[in-house]
Amino acid sequence: MTHTDAGAELDPVHPVPIPAARARGLSTAEVAERVARGEVNDVPVRSSRSLAEIVRANVFTRFNAIIGVLWLIMLFVAPVQDSLFGYVIIANTGIGVFQEWRAKKTLDSLAVIGEAKPTVRRDGAAMEVSTSEIVLGELIEIGPGDKVVVDGECVEADGLEIDESLLTGEADPVVKRRGDPVMSGSFVVAGGGAFEATKVGREAYAAQLAEEASRFTLVHSELRTGISTILKYVTWMMIPTAIGLVISQLVVKQHGFKDSVARTVGGIVPMVPEGLVLLTSVAFAIGVIRLGRKQCLVQELPAIEGLARVDTVCLDKTGTLTEGGMDVTELRPLGGADETYVRKVLGALGESDPRPNASLQAIINACPDSGEWRCVESLPFSSARKYSGASFSESDGESSTWLLGAPDVLLGDDDPALAETGRLNEQGLRVLLLARVSGELDDPEVAREASATALVVLEQRLRPDAAETLAYFADQDVHAKVISGDNAVSVGAVAGKLGLTGKVVDARQLPADQEEMAKSLDEGTVFGRVTPQQKRDMVAALQSRGHTVAMTGDGVNDVLALKDADIGVSMGSGSEATRAVAQIVLLNNSFATLPSVVAEGRRVIGNITRVATLFLVKTVYSVLLAVLVVCWRVEYPFLPRHLTLLSTLTIGVPAFFLALAPNKERAKPHFVRRVMRYSIPGGVIAGAATFVTYLIARHHYVGKGSLAAETSAATLTLFLISMWVLAIIARPYTWWRVALVASMGAAFVVVLIVPWLQHFFALKLVGVTMPWIAVGISVVAGVVLEVVWRLVDRRAVV
């Protein structure tokens, strides 16, 4: 709250005018001097990993090390054909680096666009600068929604209230007066003022907070955690299997040492699902790039995954369903009040607030200030209070105190003005009450004796894309909950105009108990008169019922709920505080971008689940074949070139296309369980059928060249079964999926019929009987695979 006279500003605690030099801020020369001394807030806010970190993360991996050692061995002991897997790894790593670097460039450019620029006072003039340009001793102006970016001391306070809950856990806003410390990372909820920076750079807590909040990250997601878990299991399976394979192949070396080494490596390499991590990174990176083109800044990469899992989205009405601006459509004086006088009051109220919100700005536009009244005391708007106010010395010497806010908060339940307000709210109009009071503004009960003077009717501008976006969520089985601080009936009418129907609830009637609140939230669709703390409690209540909750908002009253939601989505024009805590920022302020984000997340998660099954089927059959070879003490049936060919045609190339294909299915939990449920039986069937073909071929072929013929028959069986797996995973079929599967099959046929490719890949089918036996075994295995996977599907549904 602020008291003013005709001269300098006074503070209730320090009734001394602010020194003029201090109020003007630093001079240009002083700023340059501090920059030269290094007293600048130079901690960079990173939105992505550096290029060196990207290269390091993609090159120095556990499986790259294993493949690299095996590749070096093969370069010395075998023809170049058996070293092809090494070049594939190099290509994969290069693709991973390139795609993540592209994503980094996209994120960095968007981060610059979306970066909030604090207002500083230099040479007596206000100007915007980037956070990194703030120097020690800077005078920084703040208002509702602004984040305190460095530590400092309050110099000016005009009803300044700061929320420090993100730092201290204290829910109530803290009133700040001159001389009080302000903490970086907190944010303004009401009023305005200015503070002097006392700590900048790494000394300020905000630098660490901002860097951590904006970092591009690939961690803390179920998908990546699941893949890491799978890779850990694979490593433990590989070690004993590989040791047994090495020993058995060196003992059973009927065709020379080098050939045995080559077949040993051929058995180990396919156990490594080397492309799985690559495709996950590429899918995420391309998702960032696609969303970036739509002006969507993903501040934490797993947010793409998280939004794909969302089943409930909480929407703030103002700024999300409606545009920020409003228009005064009608002024209704009450109790015989004079409209000309009412307009003077409203004009003076508008002039008393240096940072008007959308409602007050509409009033300022409709009722400009006459300049005849002097503001003596002001009370800024607060989401918790639902009203603002001011005391004036009128032109005739009279004094008056006024409140402007929600009618149902300022008036008693039996006041006749409420009935009129209700009728207007039912039309989707927003109504504010102008009321005269006799008490002091700092009295918490000042509204008790409010005398209704006029109703201010405002029309909100609906976003043209909101109805379509809500329809998308309904179609995708995502429940939309509108949560607003406005009157419940008015919010319900707005939601109804957008096609969102359901129970309308006044949040003041919600139970405090979390379980009971969760039940009410499941039953209701539109909630009005919600306080900032209630928004947070509602998110927690929905989460307690197992819902994955996304929260959208743009105002300071949304910050706590955005922070606690599974996914926080902020508008680019929203307050600095909301952008700081949100994982996704819609820089174009378009609610219609949300379906794109959801679709991108579903594409990534659904497709990675598909291709993970492809990769792990290969891992399972590779381990099983190695175990069977050790138990039967026979030579491993494949050379590395055979499995490189199979992996490329049945996994590598198809997986790349499938990972980037459209996918609208909502992401499901338990990634590891779902993938292993299909890959283990698929791998066992493929491995067992291939080994049966190999054993039959060993009895069928004798003499010189028999091992090559046996390998070719086994390769045919494994290829056909792998193609069957691919054909199942590619469902439901579209023209390009059918073309993809068919082209992979055609490529294998080309290898079998072109002489130089036969020689290059050491593949030549001998005779007619054994190849047809291999085909027959593949068909039986494919039928078994269909039956088993359908049983797994049925059990999963049950």
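All of the points below concern the structure found in this document. (Residues numbered from 1 in each chain as written. Predicted model: local features only at pLDDT ≥ 70, side-chain atom pairs only at ≥ 80, totals over all residues. Heavy atoms only, no water.)

**Considerations on the overall build of the chain**
If you tally the helices and strands in the chain, you get 28 helices and 22 strands. When the backbone C-alpha atoms are referred to their principal axes, the chain occupies close to 120 × 60 × 40 Å. Burial status across the chain gives 56% buried among its 798 residues. Expressed as a percentage of contacts within the chain between residues at least 6 apart in sequence, the contacts between residues at least 24 apart total 73%. If the 75 positive side-chain charges of the chain are averaged to one point and the 87 negative ones to another, these points end up 16 Å apart. (Helix = DSSP H or I, 4+ residues; strand = E, 2+ residues; numbered from the N terminus. Buried < 20%, exposed > 50% of the residue type's maximum accessible area, 1.4 Å probe, protein only. Contact = heavy atoms within 4.5 Å. Lys, Arg positive; Asp, Glu negative; His and termini not counted. Charge placed at Lys NZ, Arg CZ, Asp CG, Glu CD.)

**Focus: the side chain of Asp558**
Counting through the fold element by element, Asp558 comes out in the loop between strand S20 (549–553) and helix H20 (559–564). Looking at Asp558, the relative accessible area reads 0%, which means it is buried. Not counting chain neighbours up to four residues away, the residues in contact with Asp558 comprise Asp316, Lys535, Met551 and Gly553.

**Overview of the sheet that holds strand S10 (residues 312–315)**
Strand order across the open sheet formed by 8 strands is S9-S22-S21-S20-S10-S17-S19-S18, with mixed pairing between neighbours. Of all the strands in the sheet, just strand S9 (296–298) and strand S18 (503–506) have a single pairing partner and so form its edges. Across the sheet, the axes of successive neighbouring strands diverge by a mean angle of 20 degrees, strand direction being ignored. Sheet topology places S18 next to strand S19 (residues 524–528); 4 bridges connect them, and they run parallel. (Pairing = 2+ DSSP bridges. Axes fitted to C-alpha atoms, helices over the stretch in contact; angles between N-to-C directions.)

**What to know about the packing of helix H4 (residues 62–77) against helix H8 (residues 222–251)**
Following both chains from N to C, one finds H4 and H8 inclined at 35 degrees, their axes separated by 12 Å at the closest point. Between H4 and H8, the residues in contact are Arg62, Phe63 and Ile66 and Leu231, Lys232, Val234, Thr235 and Met238, respectively. When the residues that make up the contact of H4 with H8 are grouped by side-chain class, the tally is 5 nonpolar, 1 polar and 2 charged. (Nonpolar A, V, L, I, M, F, W, Y, C, P; charged D, E, K, R; others polar.)

**Looking at the pairing of S10**
Because side chains alternate across S10, one face comprises the buried residues Thr312 and Cys314, and the other comprises Val313 and Leu315, equally buried. The pairing of S10 with S20 spans 4 bridges and is parallel. Across the sheet, the residue bridging to Cys314 is Met551, located in S20. Summarising the sheet, S10 and strand S17 (residues 479–483) pair through 4 bridges and their orientation is parallel. Paired with Cys314 across the bridge in S17 is Lys481.

**Notes on the packing of helix H24 (residues 671–700) against helix H25 (residues 706–729)**
Their axes nearest at 9 Å, the elements H24 and H25 cross at an angle of 155 degrees. By the angle between their directions, the pair H24 and H25 is classed as roughly antiparallel. Here the hand of the crossing between H24 and H25 comes out right-handed. Across the interface between the two elements, Ala686, Ala689, Thr690, Thr693, Tyr694, Ala697 and Arg698 of H24 pack against Leu707, Glu710, Ala713, Ala714, Thr717, Leu718 and Ile721 of H25. (Parallel < 35°, antiparallel > 145°, perpendicular 65-115°, else oblique. Left-handed = near helix turned anticlockwise from the far one by under 90°.)

**So, helix H19 (residues 532–544)**
The terminal C-alpha atoms of H19 lie 19 Å apart, and with 13 residues this matches the ideal 18 Å at 1.5 Å per residue to within 8%. Every buried residue of H19 is accounted for by Pro532, Gln534, Lys535, Arg536, Met538, Val539, Ala541 and Leu542. Where H19 is buried, its residues meet S10, S17, helix H18 (514–523), S19, S20 and H20. With its phi angle positive at about 85 degrees, Gly546 sits one or two positions after the end of H19. (Expected span 1.5 Å × (residues − 1).)

**Digging into H25**
With 24 residues, H25 extends 35 Å between its outermost C-alpha atoms, agreeing within 8% with the 34 Å of an ideal straight helix rising 1.5 Å per residue. Along H25, 21 of the 24 residues are buried, which leaves the element largely enclosed by surrounding structure.

**Some details on the nonpolar core**
Grouped together as the largest cluster of nonpolar side chains are 126 residues, with contacts concentrated most on Leu307, Ile584, Phe591 and Phe748. Broken down by element, the residue count for this core peaks at 18 residues, all from helix H22 (residues 594–632). Beyond its immediate stretch of four places on either side in the chain, Phe591 contacts Leu315, Thr320, Leu321, Arg463, Asp465, Ala466, Thr469, Leu470, Phe473, Met571 and Leu586. (Core = buried A, V, L, I, M, F, W, Y, C linked by side-chain atoms within 4.5 Å.)

**A closer look at unusual backbone geometry**
Cis geometry is found at the peptide bond from Arg731 to Pro732, where omega equals -5 degrees. For Pro732, the location among the structural elements is in the loop between H25 and helix H26 (735–753). Despite not being glycine, Gln295 has its phi angle at roughly 60 degrees, a positive value. In this fold, Gln295 is placed in the loop between helix H10 (274–293) and S9. Taking relative accessible area as the criterion, Gln295 reaches 30% and is therefore assigned partly exposed. The residue Ala762 is not glycine, and still its phi comes out positive at about 55 degrees. For Ala762, the location among the structural elements is in the loop between helix H27 (755–761) and helix H28 (769–797).

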